[in-house]
Amino acid sequence: MKQTGWQKSWVRILTTLLTAAVMIMIFTFSTEDAEHSDRTSGLISRQVLSIIHPEYEQLAETEQKKLYDDIQHAVRKCAHFTEYALLGLMIRLCLESWFGHRVKKSSSLSLAGLCMGILYACSDEFHQLMIEGRSGQWTDVAVDGSGALLGILLGTVLIKCIRRKYTGME
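Residues numbered from 1 in each chain as written. Predicted model: local features only at pLDDT ≥ 70, side-chain atom pairs only at ≥ 80, totals over all residues. Heavy atoms only, no water.

Asks: Run through the pattern of salt bridges, naming residues and quoting values.
Replies: Within the structure shown, the criterion is met by seven salt bridges. In this structure, D38 and R76 form a salt bridge, with 2.3 Å as the shortest nitrogen-oxygen distance. Placement of the pair is D38 in helix α2 (residues 34–52) and R76 in helix α3 (residues 61–99), with a sequence separation of 38 residues. Of the charged contacts in the structure, one is a salt bridge between D69 and K65, with a shortest N-O distance of 2.8 Å. A residue pair is termed a helical-turn pair when its members lie 3 or 4 positions apart in one helix, as D69 and K65 do in helix α3 at four residues. Under the relative-accessibility criterion, K65 is labelled exposed at 52%. Taken together, the salt bridges that share partners define one network made up of R92, E96 and R163. (Salt bridge = Lys/Arg side-chain N within 4 Å of Asp/Glu carboxyl O. Helix = DSSP H or I, 4+ residues; strand = E, 2+ residues; numbered from the N terminus. Buried < 20%, exposed > 50% of the residue type's maximum accessible area, 1.4 Å probe, protein only.)

Okay, here's the thing in structure tokens:
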């Protein structure tokens, strides 16, 4: 198959470096102990609470704790989903830059990317088992995998749009 603009050296280097950067970002977040991680997500949780529940401070302490815990749980899951969506996107673009001209069906690259995203999520959860106060959760792997799938789908759509615009081919 014919090489395209995706296989230019600078594109390969850029997509590889950005994929590695996202992986390092995820790893760095996972190295935070429970207290530091709670503080990080707590900042966002308090902002969300101030928007969706302005009378939070007037609630009873037990209601505040329940609401805060629920919001913080949602914020954490959204963070997992988002960082893995970014990883899925970058993996898909990186795979396209290295192997897109060799593969007849882009679904093969998408499936490979999804497997890579899920394997990274598993390794991330295993890594968290070694961090004080943290735990590895299979539910997080499912959330992470779902995020990676969305990123891969977005990457596939982006690749097709760029191909269509610049080459007139799918």
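Having put the structure on the table, let's press on.
Asks: A description of the packing of aromatic side chains should follow, citing residues and the corresponding values.
Replies: One pass over the full model with this rule turns up one aromatic pair. Seen in terms of ring centroids, Y84 and Y120 are 6.4 Å apart; in terms of plane orientation they differ by 45°. Their pairing is tilted. Residue Y84 is found in helix α3, and its partner Y120 is found in helix α4 (residues 106–128); the two are separated by 36 residues along the sequence. Here Y84 and Y120 have matching classes, each one buried. (Phe/Tyr/Trp six-rings, centres within 6.5 Å; stacked < 30°, edge-to-face > 60°.)

Asks: Which residues make up the environment of L93, and what values do they have?
Replies: When you line up the elements, L93 lands in helix α3. Sequence-wise, L93 and I52 are 41 residues apart; in three dimensions their C-alpha atoms are separated by 36 Å. Those residues within four positions of L93 in sequence are excluded, and the remaining contacts are W6, T15, G155, L158 and I159. (Contact = heavy atoms within 4.5 Å.)

Asks: For the packing of α3 against α4, give the residues involved together with the corresponding values.
Replies: α4 packs onto α3 with a crossing angle of 135° between their chain directions and a minimal axis gap of 9 Å. When the axis of α3 is compared with that of α4, the two are oblique. Our pair here, α3 against α4, has a crossing hand that is right-handed. Of α4, the residues touching α3 (which contributes H80, Y84, L87, I91, R92, L95, E96 and F99) are S106, L109, S110, A112, G113, M116, G117, Y120, A121, D124, E125 and Q128. (Axes fitted to C-alpha atoms, helices over the stretch in contact; angles between N-to-C directions. Parallel < 35°, antiparallel > 145°, perpendicular 65-115°, else oblique. Left-handed = near helix turned anticlockwise from the far one by under 90°.)

Asks: Explain the layout of surface pockets to me, and be specific about the residues and the numbers.
Replies: If you add up the space inside the largest pocket, you get close to 640 Å³. Lining the largest pocket we find 26 residues, and of these S37, S41, R76, H80 and R134 sit closest to its centre. Where the lining of the largest pocket is concerned, the elements lending two or more residues are α1 (9–31), α2, α3 and α4. No other element matches α3, which puts eight residues into the lining of the largest pocket. For the lining of the largest pocket, the residue count by class is seven nonpolar, 11 polar and eight charged. Approximately 300 Å³ is the volume found for the second largest pocket. Around the second largest pocket, the lining comprises 16 residues; the ones closest to its centre are G5, W6, W10, V11 and I162. For the lining of the second largest pocket, the secondary structure elements donating two or more residues are α1, α3 and α5 (138–166). With five residues, the top contributor of residues to the lining of the second largest pocket is α1. Residues of the lining of the second largest pocket, tallied by class, amount to 10 nonpolar, four polar and two charged. (1 Å grid on protein atoms, 1.4 Å probe; cavity = no way out; pocket = protein on both sides within 12 Å on 5 of 7 lines; lining within 4 Å. Points joined across faces, edges and corners; volume = space filled by probe spheres on them. Nonpolar A, V, L, I, M, F, W, Y, C, P; charged D, E, K, R; others polar.)

Asks: Could you give an account of the packing of α4 against α5, naming the residues involved and the relevant values?
Replies: It is the contact of α4 with α5, at a shortest axis distance of 9 Å, that shows an interaxial angle of 150°. By the angle class used here, α4 and α5 are roughly antiparallel. In this structure, the crossing between α4 and α5 has a hand that is right-handed. Contacts between α4 and α5 involve S106, S110, G113, L114, G117, I118, A121, C122 and E125 from the first element and W138, D140, V141, D144, G145, A148, L149, I152, T156 and K160 from the second. Here the residues of the contact of α4 with α5 sort into nine nonpolar, six polar and four charged.

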